[in-house]
Amino acid sequence: MGAFKEILIEYPFLGEIQCGFPSPAADYLEDHLSLNDHLVKKPAATFFMRAKGDSMTGAGVFPGDLLIVDRSITAKSGHIVVASINGEFTLKRLMSIRGQNFLYPENNNYKPIPISSEMDFQVFGVVTYNIHKLT
């Protein structure tokens, strides 16, 4: 991976939008919004990856989605993580069940991966955001 170069871009922020019943819309720009301020908390510890495969579709992660991963977060049970198992990267949900750690897919076509001490296992980061194209 290359060196991280922060690019600060601000976009117009139009305010909140009602998801239930319609409400009157604001007819002016409220402010500007920096995606870096909202999506990247620790730039030096953040990297991006693109999802491939369908093992995490139940968690809303689809092929081609852009993932924002933070290496500074300590992974906990329930987090979606980028992990390395014997040198191979995977995206799964880290789960601890009765003291045993597993990497769980979010697709019933795949089986959980039990983590054992014999494995070369490392969590590289916790996924903090998933950018998913709607159309």
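What you see is a predicted model; the values in this text were computed from it and never measured. (Residues numbered from 1 in each chain as written. Predicted model: local features only at pLDDT ≥ 70, side-chain atom pairs only at ≥ 80, totals over all residues. Heavy atoms only, no water.)

> Outline the overall build of the protein, supporting the account with residue identities and numerical values.
Scanning the protein from N- to C-terminus turns up one helix and nine strands. Helices (α) and strands (β) of the protein occur, in sequence order from the N terminus, as β-β-α-β-β-β-β-β-β-β. Looking at the protein as a whole, 26% of its 135 residues are labelled buried. For the protein, contacts bridging at least 24 residues in sequence account for 52% of all contacts bridging at least 6. For the protein, the accessible area works out to roughly 9,800 Å², and carbon and sulfur atoms hold 55% of it. (Helix = DSSP H or I, 4+ residues; strand = E, 2+ residues; numbered from the N terminus. Buried < 20%, exposed > 50% of the residue type's maximum accessible area, 1.4 Å probe, protein only. Contact = heavy atoms within 4.5 Å. Areas by Shrake-Rupley, 256 points an atom, 1.4 Å probe, with all protein chains shown as cover.)

> Describe the sheet that holds strand β5 (residues 80-85), listing the residues and the values that go with them.
Judged by pairing direction, the sheet is antiparallel, and its seven strands sit side by side in the order β3-β4-β9-β5-β6-β7-β8 without closing on themselves. Each end of this open sheet is capped by a strand with a single partner; those strands are β3 (46-50) and β8 (113-114). Where strand β4 (residues 66-70) lies against strand β9 (residues 121-131), five bridges are found, and the strand directions are antiparallel. Each bridged residue has a counterpart across the sheet, and for leucine 66 the counterpart in β9 is isoleucine 131. (Pairing = 2+ DSSP bridges.)

> Would you mind going over the nonpolar core in detail, with residue names and values included?
Listed in full, the 11 residues of the largest apolar core are Phe47, Ala51, Met56, Val61, Leu67, Val69, Ile80, Val82, Leu91, Phe124 and Val127. Every element with two or more residues in this core is listed here: β4, β5 and β9. Every residue in contact with leucine 67, bar those within four places of it in the chain, is listed here: Phe47, Phe48, Met49, Ala51, Val61, Leu91, Val127, Tyr129 and Asn130. Counting residues in each nonpolar core, the second largest holds seven residues, with Val81, Leu94, Leu103 and Val126 among its members. (Core = buried A, V, L, I, M, F, W, Y, C linked by side-chain atoms within 4.5 Å.)

Taken by themselves, the reported measurements are silent on function.
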